[in-house]
Amino acid sequence: MTDLHRLSIRELSEGLANAQFSSRELTEHYLKRIAKIDVQVKSYVTVTPELALVEADAADTLRKAGGANVLTGVPIAHKDIFCTQGIKTTAGSKILDNFISPYDATVVAKGKAAGLVTLGKLNMDEFAMGSTSENSYYGATTNPWNLDHVPGGSSGGSAAAVAADLAPFATGTDTGGSIRQPASFCGLTGLKPTYGRVSRFGMIAYASSLDQGGPMARSAEDCAYLMNVMAGHDAKDSTSMNQVVDNYVANLNDTSVKGLRIGIPKQYFNVAGLAEDVKARVEESLKKLEDLGATLVEIDLNMTESYVPTYYLIAPAEASSNLQRFDGVRYGYRCENPVDLMDLYKRSRSEGFGAEVQRRILIGTYALSAGYYDAYYVKAQKVRRLIQQDFLKAFESVDVIAAPSAPTTAYKIGADLTPVEMYLGDIYTLAVNLAGLPAINAPVGFDQNNLPVGLQLIGNYWSESQLLSVVHQYQQATDWHTQRAAIAEENA
Ligand code: GLN
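The written sequence of each chain sets the order in which its residues are numbered from 1. For a predicted model such as this one, the threshold for reporting local features is a pLDDT of at least 70, and the threshold for listing and counting side-chain atom pairs is 80 or more; totals across whole chains, interfaces and linings nevertheless cover every residue. Side-chain calculation: all heavy atoms of the structure are included, whereas hydrogens and water are not.

**Quick notes on helix α11 (residues 355-368)**
Think of an α-helix as 3.6 residues a turn; residues three or four steps apart then line up on the same face. Rules: Helical segments are the DSSP runs of H or I of at least four residues, strand segments are the runs of E of at least two, and each set is numbered from the N terminus. Expected helix span is taken as 1.5 Å per residue step, with the number of steps being one fewer than the number of residues. Burial here depends on accessible area, computed with a 1.4 Å probe over protein chains only, as a share of the maximum for the residue type. Under 20% is buried, over 50% is exposed, and the range in between is partly exposed. What the arc describes is the spread of directions from the helix axis to the C-beta atoms. When checking whether two residues touch, look at their non-hydrogen atoms; a contact exists if any pair is within 4.5 Å.
Its 14 residues place the ends of α11 20 Å apart at the C-alpha level, agreeing with the 20 Å of an ideal helix rising 1.5 Å per residue. Listed as buried for α11 are E356, V357, R360, I361, G364 and A367. Down the axis of α11, the buried side of the element spans an arc of 135°, and every buried residue falls inside it. Among the exposed residues of α11, those pointing more than 90 degrees away from its buried face are A355 and L362. Those residues of α11 that are buried lie in contact with α9 (307-322), α10 (341-352), α12 (373-394) and α13 (419-424).

**Structural notes on unusual backbone geometry**
In the segment running from G153 into S154, the intervening peptide bond is cis, with an omega of 5°. With respect to the secondary-structure elements, S154 resides in the loop between β3 (117-122) and α5 (156-163). Unlike most non-glycine residues, N337 shows phi in positive territory, near 40°. Tracing the backbone shows N337 in the loop between α9 and α10. Looking at N337, the relative accessible area reads 65%, which means it is exposed. One non-glycine residue with positive phi stands out, namely N450, at about 65°. Tracing the backbone shows N450 in the loop between β10 (439-446) and β11 (452-459).

**Overview of the side chain of T194**
Worth spelling out the cut-off: The definition of a polar contact used here is a pair of N or O atoms within 3.5 Å, where within protein one atom must be able to donate a hydrogen and the other to accept one, and adjacent residues in sequence count solely through side-chain atom pairs.
When you line up the elements, T194 lands in the loop between β5 (189-192) and β6 (213-217). Polar side-chain contacts of T194 include one of 2.6 Å to the side chain of E464. Sequence-distant contacts of T194, that is, excluding residues within four places in its chain, are made with Q212, G436, L437, P438, Y461, W462, S463 and E464.

**Some points on the site of the ligand**
Selection rule: Proximity is defined per residue: if any heavy atom of the residue lies within 4 Å of a molecule or strand, that residue is considered near it. Shrake-Rupley sampling with a 1.4 Å probe provides the accessible areas, and residues are treated as covered by the protein chains on show and by no other component. Amino acids are sorted into nonpolar (Ala, Val, Leu, Ile, Met, Phe, Trp, Tyr, Cys and Pro), charged (Asp, Glu, Lys and Arg) and polar (every other residue, Gly among them).
Contacts to the ligand come from 15 residues, most closely from A128, G176, S178, Y311 and R360. The contact in question runs from an oxygen atom of the ligand to an N or O atom on the backbone of T175, over 2.8 Å. Contacts to the ligand include R360, whose side-chain N or O atom sits 2.7 Å from an oxygen atom. For the ligand, whose accessible area on its own is 290 Å², the fraction buried by protein is 99%. Of the residues in the shell around the ligand, the class split is 5 nonpolar, 7 polar and 3 charged.

**A short note on the nonpolar core**
Basically, it comes down to this: Only buried residues count toward a nonpolar core, which is a set of Ala, Val, Leu, Ile, Met, Phe, Trp, Tyr and Cys residues joined through side-chain atoms within 4.5 Å.
Membership of the largest hydrophobic core comes to 149 residues, with the highest contact counts inside it found for F127, F391 and L468. Excluding residues within four positions of it along the chain, L468 makes contact with L191, A220, C223, A224, M227, Y248, L252 and I440.

**Considering the packing of aromatic side chains**
Let me state the cut-off plainly: Only the six-membered ring of Trp is used, alongside the rings of Phe and Tyr, when aromatic pairs are assigned; centres must lie within 6.5 Å, and planes under 30 degrees apart are stacked while those over 60 apart are edge-to-face, with the rest tilted. A ring is considered to have a charge above it if a Lys NZ or an Arg CZ atom is located within 6 Å of its centre and within 35 degrees of its normal.
Tallying each qualifying case throughout the model produces 18 aromatic pairs. Here Y373 and Y377 contribute two aromatic rings whose centre-to-centre distance is 5.4 Å and whose plane-to-plane angle is 35°, an arrangement assigned as tilted. With a gap of 4 residues between them, Y373 and Y377 both fall in helix α12, about one helical turn apart. Aromatic ring contacts, followed pair by pair, group F99, F127, F326, Y331 and F353 into a single cluster. One cation-aromatic arrangement involves K94 over Y333; the distance from NZ or CZ to the ring centre is 4.8 Å.

**So, the pairing of β10**
Cut-off, in case you're wondering: Here, a strand pair is defined by DSSP locating no fewer than two bridges between the strands.
Taking burial as the measure, the 8 residues of β10 include 8 buried ones, the bulk of the element. Bridge count for β5 against β10 is 3 bridges, and the pairing is antiparallel. Among the inter-strand pairings, G190 is bridged to a residue of β10, identified as N441.

**Quick notes on the UniProt feature "active site" (unreviewed entry) in the chain**
Put simply, the rule reads: UniProt positions are given in the numbering used here, feature names are shortened, and annotations may be inferred rather than shown by experiment.
The feature "active site" (unreviewed entry), as annotated in UniProt, sits at K79, S154 and S178 in this numbering. Spatially, the listed residues are clustered: although they cover 100 residues, their C-alpha atoms lie within 11.0 Å of one another. Topologically, K79 is positioned in strand β2 (residues 75-79). Overall, K79 belongs to the buried group, its relative accessible area being 0%. Side-chain polar atoms of K79 contact the side chain of S155, separated by 2.9 Å. Excluding residues that lie within four positions of it along the chain, S154 makes contacts with K79, N123, M124, D125, A128, M129, G130, S133 and S178.

In structure tokens, the structure reads:
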């Protein structure tokens, strides 16, 4: 079979169950594609062919013995922020270039327990700070739709790998949009779950009160399969929620678009910098949902102007604290010939961290310092609460809230935006993390340069099933999610 990379997760599961192909054949197929095509896409930091084939053979053996699950033998690739025992985990940073974790992240362990085969680790902005994946020590990943453009970030490697058919689905993380924005830039479906739905154990911390892992795939259905693996309480993460997890696949048809009240925040569609094409495609998708029976309700989200400043205080503050552990002493990069301990700390961190990470450590340290703590950090926390309340009020009258995922389509590589210009591109995604809500990106068409546009749907707490279900029904009625980038058409 030459087109195994075209199959959905359900088709892969069925094909393996019916012995149309083995996990070894499937895994070899993906490995060949990676070897041929990833030279251009550069989505993987590390490919693990030997290990993948061992896991694939084990999956095939398990299946013959009658012990297979739904996903036994299906390949996956992980964002390089999830710790993998015995395989390098870099978080896109030079400071972790030699880091091999002694344990698996819970998400990785759950994937193994479900029988998933790990193809490798995917590129990302250093410590998940960025919107283009250009902030990686390992170089920029390209957008499969147009190799001169970025795939978005920080989970840009995850998005590019799936969009180029170099993995059937992938894990990502979202602290301020890092699943939804690259999914939008690469024409994929990506779900940022409610804070606490997916364990953060072994997921390298950027801003712990905002970080959340989730699935990135071609469709809501594919995402649902991965959510079934990722979601759930974990005693090793005290912020993971101890409550029943839905069966996201079984629930795909449970929410009707008929009668669904979709909130349209009036502030969101007047944002300076919202590209005409993006606005038009998003509005068309909302019209389609209306045709399917939804009601559009105009709502107010008055705190919109506070999203960027609030996030860009809280996230760097938490980062400055989290990243103190990288000091050149116990693991990671250490500078040459330190003269004393202070020199070792200083030079290991100055040489090991890239520019954007250093910028955020400085901003965060400043915001947390004695004289400024109340004026900046405490104030930002208060505004954060107001942002959350704004959403809760909106959910009294609507079921979901619609927005673009990003104001533009994918930037050109090397576009050289100032940090503030780059931060403003996160306007539509940040509030969801500040409030801890779930949200999903779905592809809804293309701009005039044939770059994908994404619609974001934001749900109330724990409404992942509803979001997946609504997008699933949109995807049954449209075919944007089935369109493939030219490079994905290539066979290995
Ligand atoms: N682009 C945002 C940032 O640079 C979000 C990143 C993320 O979600 N990890 O912080």
